[in-house]
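# Structural characterization, general
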Amino acid sequence: MDAETLPYALDLVASSGICLSPEKRAALRNSLLLVRRDYRFEQVRLWGRIQGIRGAYYIAEGLGPDRAGIRSRLYSLNGVDWSLLPPPSEEIIALTAGLKGRFQGDPSYEYEFPEKKEAERSYEEEIGPLVKEELRLVATIHQIDQEVGIVPRGAYVKSPLGPVHVNRSFEGLSLTEAKKLSSYFHFTEPVKLKNKTLLEKADLDPAIDFLDSLEHDIPKGSWSIQVERGGRIVVLRSLLWPGLTFYHVPNTKQHGYIYFGNGEKNIDLPFML
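Residues numbered from 1 in each chain as written. Predicted model: local features only at pLDDT ≥ 70, side-chain atom pairs only at ≥ 80, totals over all residues. Heavy atoms only, no water.

### Some points on the overall build of the protein chain
- Broken down by element type, the protein chain carries 7 helices and 14 strands.
- By the compact-globule yardstick of 19 Å for 273 residues, the protein chain fits well, its C-alpha radius of gyration being 20 Å.
- Projected onto its principal axes, the C-alpha coordinates of the protein chain cover approximately 65 × 50 × 40 Å.
- By the burial criterion, 44% of the 273 residues in the protein chain qualify as buried.
- Carbon together with sulfur atoms contributes 53% to the accessible area of the protein chain, which is approximately 14,700 Å² in total. (Helix = DSSP H or I, 4+ residues; strand = E, 2+ residues; numbered from the N terminus. Rg over C-alpha atoms; globule rule 2.2 N^0.38 Å. Buried < 20%, exposed > 50% of the residue type's maximum accessible area, 1.4 Å probe, protein only. Areas by Shrake-Rupley, 256 points an atom, 1.4 Å probe, with all protein chains shown as cover.)

### Topic: the nonpolar core
- Ranked by size, the top nonpolar core spans 38 residues in total, and within it Trp47, Leu137, Tyr184 and Leu236 carry the most contacts.
- Those elements that provide at least two residues to this core are strand S1 (43-51), strand S2 (56-63), helix H4 (133-148), strand S7 (150-152), strand S10 (184-186), strand S12 (233-238), strand S13 (244-248) and strand S14 (255-261).
- Those residues in contact with Tyr184 that sit more than four places away from it in its chain are Val151, Pro152, Arg153, Leu173, Ala178, Asp212, Ser213, Leu214, Val234, Leu236 and Phe246.
- With 26 residues, the next largest nonpolar core counts Met1, Leu12, Ile233 and Tyr247 among its residues. (Core = buried A, V, L, I, M, F, W, Y, C linked by side-chain atoms within 4.5 Å. Contact = heavy atoms within 4.5 Å.)

### Digging into the packing of aromatic side chains
- The tally for this structure, following the rule as stated, stands at 7 aromatic pairs.
- A centroid spacing of 6.0 Å and a plane angle of 75° characterise the contact between Tyr57 and Tyr75, whose relative ring orientation is edge-to-face. Placement of the pair is Tyr57 in strand S2 and Tyr75 in strand S3 (residues 72-76), with a sequence separation of 18 residues.
- Taking relative accessible area as the criterion, Tyr75 reaches 9% and is therefore assigned buried. (Phe/Tyr/Trp six-rings, centres within 6.5 Å; stacked < 30°, edge-to-face > 60°.)

### What to know about the sheet that holds S3
- Reading across the sheet, the 8 strands line up as S4-S3-S2-S1-S14-S13-S12-S11 and stay open at both edges, with mixed pairing between neighbours. Across the chains shown, the open sheet's two edge strands, defined by having one partner strand only, are strand S4 (83-84) and strand S11 (223-228).
- Packing of helix H2 (residues 22-39) onto the sheet brings it into contact with S1, S2, S3 and S4, and relative to S1 it is tilted by some 130°.
- Against the sheet, H4 engages S1, S2, S3, S11, S12, S13 and S14, with an angle of about 110° to S1. (Pairing = 2+ DSSP bridges. Axes fitted to C-alpha atoms, helices over the stretch in contact; angles between N-to-C directions.)

### Some words on the side chain of Thr96
- Within the secondary structure layout, Thr96 lies in the loop between helix H3 (90-95) and strand S5 (110-112).
- Excluding residues that lie within four positions of it along the chain, Thr96 makes contacts with Val131, Leu135, Arg136 and Ala139.

### Examining unusual backbone geometry
- The omega angle of the peptide bond from Ile218 to Pro219 is 0°, so this bond is cis rather than trans.
- The residue Pro219 is located in the loop between helix H6 (198-201) and S11 in this model.
- Phi angles above zero are rare outside glycine, and Arg229 is one such case at about 55°.
- Residue placement: Arg229 occurs in the loop between S11 and S12.
- A positive phi angle, close to 65°, is found at Asn251, a residue other than glycine.
- Looking at the secondary structure, you find Asn251 in the loop between S13 and S14.

### A look at the pairing of S14
- Counting buried positions along S14 gives 6 out of 7 residues, so the element sits mostly inside the fold.
- As paired elements, S1 and S14 share 3 bridges and run parallel to each other. Directly across from Ile50, in S14, lies its bridge partner Gly261.
- Both S13 and S14 contribute to a ladder of 5 bridges, which runs antiparallel. Looking at the pairing, Leu244 lines up with Tyr259 of S14.
- Between S13 and S14, which pair antiparallel in sequence order, lie 6 residues; one of them, Asn251, sits at a positive phi of approximately 65°.

### Overview of the pattern of salt bridges
- Using the criterion set out here, one finds 14 salt bridges in the structure.
- The shortest N-O distance in the salt bridge between Arg45 and Glu61 comes to 3.7 Å. Taken together, the residues span a long stretch of sequence, with Arg45 in strand S1 and Glu61 in strand S2 at a distance of 16 residues. Here Arg45 matches Glu61 in class, with each residue buried.
- With its nearest N and O atoms 3.5 Å apart, the salt bridge here joins Glu61 to Arg71. Residue Glu61 is found in strand S2, and its partner Arg71 is found in the loop between S2 and S3; the two are separated by 10 residues along the sequence.
- Take Glu61: its relative accessible area is 3%, and that puts it in the buried class.
- Judged by relative accessible area, Arg71 falls into the buried class, the value being 13%.
- Three or more residues joined by partner-sharing salt bridges are found here, namely Arg45, Glu61, Arg71, Arg73 and Asp145. (Salt bridge = Lys/Arg side-chain N within 4 Å of Asp/Glu carboxyl O.)

So this is what it looks like as structure tokens:
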């Protein structure tokens, strides 16, 4: 959610239980505008909040000219003071892959690296290396963005040289289109699109249809689409990552997503559908 319109955008997703006090909203907006100035980002967004046992992480991301390029992510424990997170490398993702359970809310908290199961360890074996919760936070944010970070079709365009920019001619989806999963794309490197044949790509606009659509997501039924406020807003909620809410106001440029959850994936979803 763009820091400029944060109070208004939070009102649009309040039906998902995403509620902040007026004081917290004002503090977040003002601090994020300062982050944009100090780090010289073109745009700063409130990505969401991951609730831990002892505290919560507020997450923000700073964007540059290429909207699909590398994003700078920051976290705050109070919504005012922000710290940069390291970029999500393959090493960090692999290192934290086996970590489960609730976040603690303390970036310096250390997890024991799950190299071996307890039953496989000898009594004389020393405890393995420790993983800080800050690294787990980096990997979790990256995974959520990769799997459920979405945008409406046409909101972004890809230039012939590669960079992705905001589509200034995008005027929003119609209400009919906004109720279809095929009208939304994963805002990450496409996988399924690359496997399509040339015949299947013939009807696609390479400037707009350069991302994977939600309509073929697995498991099927992992998205909930609801029309609220008499058709004035369409809300998509992820059942795979409970807490991820996307909103779009039909026939306008207003759209975005935010995550308010505990940072745990619903791995039982295929058995629940």
